[in-house]
Amino acid sequence: MSDSLVEKTAVELRQLIGSKQVSPVELLDACIARIEDLNPHINAVTATCFERARKEARAAEQAVMDGAELGLLHGLPIGIKDLEETEGLLTTYGSPIYRGNVPARDNALVARLRAAGAIVAGKTNVPEMGAGANSRNTVWGATGNPFNPLLNAGGSSGGSAAALAVDLLPLCSGSDTGGSLRIPAAKCGVVGFRPSPGLVPSERKLLGWTPISVVGPMGRNVADTVLQLRATIGLHASDPLSYAVDDAAFAALPPVDLSRLRIGYTEDFGVCAVDEGIRAVFRQKMAAISRFVQVCEPVEMEMGEAHRAFDVIRAEAFVAGFEAAYRRDPASLGPNTRANYEMGAAMSLSDCAWAQGEQTRLFRRFQQLYARYDLILSPTTPVSPFPWSELYLKEVNGAPLENYYRWLALTYVVTLVTNPSISLPCGRDHRGMPFGLQVTGAFRDDARLLAWAGALEAAFAGEETLQRPRPDLAKLKSVKAALTSLVTHPPIFDGAATAAAAQAAV
């Protein structure tokens, strides 16, 4: 029963809880059993708080029996990305600097998820400080791809994506600057939604006015992703970009007719390096999708100096976040984080002003595409998953890449224009691994994008070459991946440990 229970969607589980057919305690116990069985093979879930979660599940069960008003996520276990502060639960950001960090409060995102009835079961793995798209660090080790744990799961929300792919938890949180919701979703065969800046408030941004960093939901399908999104949207005093939102817009998504959908697609936005195998697969997917829609045609666009603009704007955030740690001890930062800080510290005010201006020019040009198209489609990632033992991708088609994150360009060019974007599972690639389709909607038209995404997902379900792939769990458990080989000190796994116990691990 436990396996069939954890494989149900979050929407189904919430309905079953509300109708007293499934107990939150029963569901949590099933998730814990699944984590204990499969997590050693992918290393997706890090610190846990199972005993606290069990107390909360019992309280959630009692609320159902008492006929109390239930929240959107009532009784649903959730994994929280290890960049978000969680009260009483080890939050390391994947960095040895924070190996003993047990926050005294939840941040805004986690507080809203709990208020909606979600039960935090544990944290999910990330790259150090969220830098890069390979979820490995020296605190917890590496997260393996559920389809082949010797390969990477993407990042920086890699632990969340991997956990969802093998049904460890029905919901997981994520965040996205250069593609951290979309890339791991693509590599693990799940859904990652980057909302418009401010739709979901982010308390941990040090540069509150920047639009490039957002928090958002991940799910195994679009409906689950929307359910989590609804629990987190709206104005919050911690985020100056946040704004009031009418939940009705997401509770009942706008009606769409797939046969009238107008798609413009691009393999590379004119500026991104993409593996020839991925290009060929993408063309095949577009040919298949064209049968469902009114227009599906290639589109050219002028993305100017998108790479340089992203370099500068991203580096600003790293300078703001890591100046104190760098000045204290540069060696305390991992190579990716340190490289970003040093890049930003060498930049001038004129660099920053130019980058802001270039982002504005890119934004304005990109919006013009939506006069002709409803959606812009592209591959989410330029390559099939590579080994997690390689910190980052160094070349595409034999050509060296400029830096460790240049291979994220397909997603970060969309970050720059600030449009909402979602990665949908779309069959497999030329190597048999999950293929993610990046679907980008019109400016601040999140609800309609999600409606179109749901319609595409439904169409994909009937096509073997387009439907969401599922990992082979028996094969997964047969592979020895040495995922914790990077760990420099044994971490505290059970987050029920006190802050003092966590400090003892430093």
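Residues numbered from 1 in each chain as written. Predicted model: local features only at pLDDT ≥ 70, side-chain atom pairs only at ≥ 80, totals over all residues. Heavy atoms only, no water.

The chain is annotated in an unreviewed UniProt entry as Amidase family protein of Herbaspirillum huttiense subsp. lycopersici.

This paragraph deals with the overall build of the chain. The helix and strand tally for the chain stands at 17 helices and 17 strands. Over its C-alpha trace the chain gives a radius of gyration of 21 Å, about what one expects of a compact globule, namely 23 Å for 506 residues. For the chain, the spread of C-alpha atoms along the three principal axes comes to 55 × 55 × 50 Å. Relative to all contacts within the chain whose residues are 6 or more apart in sequence, the contacts with residues 24 or more apart total 78%. A total of about 18300 Å² of accessible surface is found on the chain, and carbon and sulfur atoms cover 53% of it. On the chain, the mean spot of the 48 positive side-chain charges and the mean spot of the 53 negative ones are 1 Å from each other. (Helix = DSSP H or I, 4+ residues; strand = E, 2+ residues; numbered from the N terminus. Rg over C-alpha atoms; globule rule 2.2 N^0.38 Å. Contact = heavy atoms within 4.5 Å. Areas by Shrake-Rupley, 256 points an atom, 1.4 Å probe, with all protein chains shown as cover. Lys, Arg positive; Asp, Glu negative; His and termini not counted. Charge placed at Lys NZ, Arg CZ, Asp CG, Glu CD.)

A word on empty space enclosed by the protein. One pass over the full model with this rule turns up three cavities of 30 Å³ or more. In this model, the largest cavity occupies a volume close to 60 Å³. Lining the largest cavity are Ala186, Lys187, Ile278, Thr381, Val383, Ser384, Pro385, Asp429, Pro434, Phe435 and Gly436. Counting residues per element, the lining of the largest cavity draws most heavily on strand S17 (residues 434-440), which supplies three residues. Partitioning the lining of the largest cavity into residue classes produces six nonpolar, three polar and two charged. Reported here for the second largest cavity is a volume of approximately 40 Å³. (1 Å grid on protein atoms, 1.4 Å probe; cavity = no way out; pocket = protein on both sides within 12 Å on 5 of 7 lines; lining within 4 Å. Points joined across faces, edges and corners; volume = space filled by probe spheres on them. Nonpolar A, V, L, I, M, F, W, Y, C, P; charged D, E, K, R; others polar.)

Turning our attention to helix H10 (residues 276-289). The terminal C-alpha atoms of H10 lie 20 Å apart, and with 14 residues this matches the ideal 20 Å at 1.5 Å per residue to within 8%. Its buried side turned inward, H10 meets strand S11 (262-265), strand S12 (295-298), strand S13 (375-379), strand S16 (421-428), S17 and helix H15 (446-461). For H10, the N-terminal capping position is held by Asp275, with its side-chain oxygen 2.8 Å away from the main-chain nitrogen of Gly277. (Expected span 1.5 Å × (residues − 1). Polar contact = N/O pair within 3.5 Å; in protein donor to acceptor, adjacent residues only side chain to side chain.)

It is worth spelling out the layout of surface pockets at this point. Within this model, the largest pocket holds a volume of roughly 940 Å³. In terms of lining residues, the largest pocket is bounded by 41 residues, among which Met129, Arg204, Ala317, Gly321 and Phe322 are the most central. Looking at the lining of the largest pocket, the elements that each hand over two or more residues are strand S8 (171-176), strand S10 (214-219) and helix H11 (306-328). Tallying contributions element by element places H11 first for the lining of the largest pocket, with eight residues.

Attention now goes to the nonpolar core. Counting 150 residues, the largest nonpolar core has Leu168, Phe269, Ile289 and Leu437 as its most contacted members. The biggest single contributor to this core is H15, with nine residues. Leave out the neighbours within four places in its chain, and Phe269 touches Met301, Met303, Phe366, Ile376, Ser378, Leu410, Val413, Val414 and Gln438. (Core = buried A, V, L, I, M, F, W, Y, C linked by side-chain atoms within 4.5 Å. Buried < 20%, exposed > 50% of the residue type's maximum accessible area, 1.4 Å probe, protein only.)

Taking the UniProt record as the reference, the feature "domain: Amidase" (unreviewed entry) is found at residues 26-450. Across residues 26-450, the secondary structure splits into 35% helix and 17% strand, with the terminal C-alpha atoms separated by 31 Å. (UniProt positions renumbered as here; feature names shortened; annotations may be inferred.)

Before going further, it helps to spend a moment on the side chain of Asn125. Here Asn125 is to be found in the loop between strand S3 (119-124) and strand S4 (136-137). Side-chain polar atoms of Asn125 contact the backbone oxygen of Ser135, separated by 3.5 Å. Side-chain polar atoms of Asn125 contact the backbone oxygen of Gly141, separated by 3.1 Å.

Turning our eyes to something else, we now look at unusual backbone geometry. For the bond running from Gly155 to Ser156, omega is 10°, close enough to zero to count as cis. Residue position: Ser156 is located in the loop between strand S7 (148-152) and helix H6 (158-165). One non-glycine residue, Tyr93, lies in positive phi territory at about 55°. Following the sequence through the fold, Tyr93 ends up in the loop between strand S2 (77-81) and helix H5 (108-115). Even without a glycine there, the phi angle at Asp167 is positive, about 60°. Relative to the assigned elements, Asp167 resides in the loop between H6 and S8.

Further remarks concern the packing of aromatic side chains. Within the structure shown, the criterion is met by 12 aromatic pairs. Aromatic pair Phe310 and Tyr412: ring centres 4.1 Å apart, planes at 5°, arrangement stacked. With Phe310 in helix H11 and Tyr412 in helix H14 (residues 409-417), the pair connects residues that are 102 residues apart, well separated along the chain. Of the two residues, Phe310 and Tyr412, neither departs from the other in class, the shared state being buried. The structure contains a cluster of three or more aromatic residues connected by ring pairs, namely Phe310, Tyr392, Tyr404, Tyr405 and Tyr412. Cation over ring: Arg314 sits above Tyr405, and NZ or CZ is 4.5 Å from the ring centre. Lying across the ring of Tyr392, Lys394 places its NZ or CZ 4.7 Å from the centre. (Phe/Tyr/Trp six-rings, centres within 6.5 Å; stacked < 30°, edge-to-face > 60°. Lys NZ or Arg CZ within 6 Å of the ring centre and 35° of its normal.)

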